[in-house]
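Fold and geometry: a report
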Amino acid sequence: LDLTNPDAVAQLLEVVEPLAKKTWVAGPIIGGKMNTEGGEAVTSPTDTNTIVGYCRKASAEEVSRALDLAAASQPAWDEMGGAARAEILERAADIMQSRMFELVARVAYEGGRTLNDGISEVREAVDFLRYYAQQARARFAGAETSIDPLGAECQISLHGRGVFFCVSPWNFPLAIFTGQVAAALAAGNSVLAKPADPTPLVGAESVRILHEAGVPGDVLNLVPGRGRLLGETINTDPRIKGVAFTGSTEVALNIQRTLVERGGEVPAFIAETGGQNSMVVDSSSLPEQVVDDAIRSAFLSAGQRCSALRVMYIQDEIADGIIRMLKGAMAELSVNRPWQLATDIGPVIDQAAKEELLQHVENMKREAVLHYVCEVAEDLASGTFVPPHLIELESVRQLPGEVFGPILHVVRFR
């Protein structure tokens, strides 16, 4: 969607703006049926006094039933074959693409993502569905003849492992959620999907779209709830044959430990975690390109990407010039409500994240150089906005861990 085209923008805003008044509901989806009774409020990071919807957490009984249904239905789903599963995933992609405007609104109001980020997110989710559909056709087409090491002819075919537990993050509540689930489904697995605590409404909509496209309700179940409590119940169950997780390294290690300690066959564990992503800038670099790339990577999505730039090493001879240009570029950034077209940077996900980031800034003021801070309007005080910061360090060792927000650190090198 071209946001420089006034007609395209008008069409988008015609859908997005009225949805600000809508209250979405979600809850466990077990066997294709959603239970929303007694849901807890889900607030917007743009204004923590605004309720965007309600979500009911899955009970122990619902989790147990979801496991029963997923385990019982997986063999038949696997037996369908890759081509049949691919058709369903492609139908889901078509549905999702046709509802882009509404999904962009959901991502903005619940997740605090800008319109541009939301469009990219829907496109990525659609790409995941189409990509894994292609993989299902190519890799699960049936038995193939092969020759074993002793020269004997044999038949080889790929099948799903069983039940997968997919745990997705809040920073890509639609794209990564959909990608994890689509991959597991494409391979012939049934799924228990847990959306992130701050963004369960978007995850529930993704599941509804997949069911509408033809994924059986017993095969794909949604289990919202606290990650640790659900993990202790689900990951210790021997019927779980695989876990897909995106989040912190600490939590990933805890999951790995649980899976190993339960004994028996160790399930597949796929984890995408965080780190200190760096850029090295030497004197042969084009400064304008450096600054453009750094601004995009460090600050878009409010710095809340696993791939976001955290530390930029700059050669001494050009450091002052690059820092001066970075400050000039940051001065042009608009920190505001994410559904406004002019906004570059929206809020971070919640109050805890905001407090942690601002505490990091206070710590750095005592041991580093604060070069620049973007402005945030006073009328945004009820939201969880953290303005982009530019901080110069002596060494990366000054960072206690991954700083998951719009803070760019620079380090000079000779």
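Everything below is about the structure shown above.
Keep in mind that this is a model prediction, so the values were computed, not measured. The residue numbers shown here count from 1 along each chain, following its written sequence. Residues qualify for local features only when their pLDDT is at least 70, as the model is predicted, and side-chain atom pairs are given and counted only at 80 or more; totals for whole chains, interfaces and linings, by contrast, use all residues. Values reported for side chains reflect all heavy atoms of the structure, with hydrogen atoms and water molecules removed beforehand.

The criterion for strand pairing is that DSSP finds at least two bridges linking the strands in question. Strands are runs of DSSP state E lasting at least 2 residues, helices are runs of H or I lasting at least 4, and numbering of each runs from the N terminus. Across the sheet, which stays open at both edges, the five strands sit in the order S13-S14-S17-S16-S15 with mixed pairing between neighbours. With partners counted over all chains shown, the strands left at the sheet margins are strand S13 (278-281) and strand S15 (369-373), one partner each. Across the sheet, the mean angle separating the axes of adjacent strands is 20° when strand polarity is ignored. Bridge analysis of strand S16 (residues 389-393) against strand S17 (residues 407-413) gives five bridges, and the strand direction is parallel. Paired with glutamate 392 across the bridge in S17 is valine 410. Angles shown run from 0 to 180 degrees and are taken between the N-to-C directions of axes, each axis being a line fitted to C-alpha atoms and, for helices, limited to the stretch in contact.

Our focus in this paragraph is the sheet that holds strand S4 (residues 40-44). Pairing is mixed across the open sheet formed by three strands, whose spatial order is S1-S5-S4. The open sheet has two edge strands, strand S1 (24-26) and S4, and neither has a second partner. Pairwise comparison of adjacent strand axes, ignoring direction, gives a mean angle of 45° for this sheet. As judged from the five bridges shared by S4 and strand S5 (residues 47-55), these two strands associate in the antiparallel manner. Directly across from serine 44, in S5, lies its bridge partner aspartate 47.

On to the packing of helix H3 (residues 82-98) against helix H6 (residues 175-186). Contact geometry for H3 and H6: axes closest at 10 Å, N-to-C directions at 160°. Judged by the inter-axis angle, H3 sits roughly antiparallel to H6. As for how H3 packs across H6, the hand of that crossing is right-handed. Contacts between H3 and H6 involve Arg85, Leu89 and Met96 on the former and, on the latter, Thr178, Ala182, Leu185 and Ala186. Throughout this description, any angle smaller than 35 degrees is read as roughly parallel, any larger than 145 degrees as roughly antiparallel, any in the 65 to 115 degree range as roughly perpendicular, and the remainder as oblique. With the far helix as reference, a near helix turned anticlockwise by less than a right angle produces a left-handed crossing, and one turned clockwise produces a right-handed crossing. Any two residues whose heavy atoms approach within 4.5 Å at even a single point are treated as in contact.

It is worth spelling out unusual backbone geometry at this point. What you tend to see is this: most non-glycine residues have negative phi, and most peptide bonds are trans. A positive phi angle, near 60°, is found at serine 301, a position not held by glycine. Turning to its location among the elements, serine 301 is positioned in the loop between helix H10 (287-299) and strand S14 (311-315). Judged by its relative accessible area of 4%, serine 301 falls in the buried class. With a phi close to 55°, alanine 302 is a non-glycine residue in the positive phi region. Under the scheme applied here, a residue whose accessible area is under 20% of the maximum for its type counts as buried, over 50% as exposed, and between as partly exposed, the area being computed with a 1.4 Å probe on protein chains only.

On to helix H2 (residues 60-79). Multiplying 1.5 Å by the residue count of a helix minus one yields the expected span of that helix. Between its first and last C-alpha atoms H2 spans 30 Å; for 20 residues at 1.5 Å apiece the expected length is 28 Å, and the two agree. Looking only at H2, the buried set comprises Glu62, Val63, Ala66, Leu67, Leu69, Ala70, Ser73, Gln74, Trp77 and Asp78. In the stretch just after H2, glycine 81 is the one whose phi turns positive, near 90°.

Take glycine 38: it is sitting in the loop between strand S3 (33-34) and S4. Separated by 19 residues in the primary sequence, glycine 38 and lysine 57 have C-alpha atoms spaced 8.8 Å apart.

A ring pair, where both rings are aromatic, is described by two values, the distance of the centres and the angle of the planes. Whether two aromatic rings pair depends on their centres lying within 6.5 Å, for rings of Phe, Tyr and Trp, where Trp uses its six-membered ring; planes under 30 degrees apart make the pair stacked, over 60 edge-to-face, and the rest tilted. Counting across every chain of the model gives four aromatic pairs. With a centroid separation of 4.8 Å and 50° between ring planes, the pair formed by tyrosine 109 and tryptophan 339 is classed as tilted. On the criterion of sequence distance, the pair formed by tyrosine 109 in helix H4 (residues 100-111) and tryptophan 339 in the loop between helix H11 (316-330) and helix H12 (351-367) is long-range, its members being 230 residues apart. By relative accessible area, which is 4% here, tyrosine 109 ends up buried. Note on tryptophan 339: relative accessible area 23%, which makes it partly exposed. Between tyrosine 131 and tyrosine 132, the aromatic rings sit 5.0 Å apart at their centres with planes inclined by 70°, giving edge-to-face as the arrangement. Tyrosine 131 sits in the partly exposed class, given a relative accessible area of 40%. An aromatic cluster is present here, built from Phe128, Tyr131 and Tyr132 joined pairwise through their rings. Over the ring of phenylalanine 140 we find arginine 85; its NZ or CZ atom is 5.5 Å from the centre of that ring. Cation placement over rings: the criterion is NZ of Lys or CZ of Arg within 6 Å of the ring centroid and within 35° of the ring normal.

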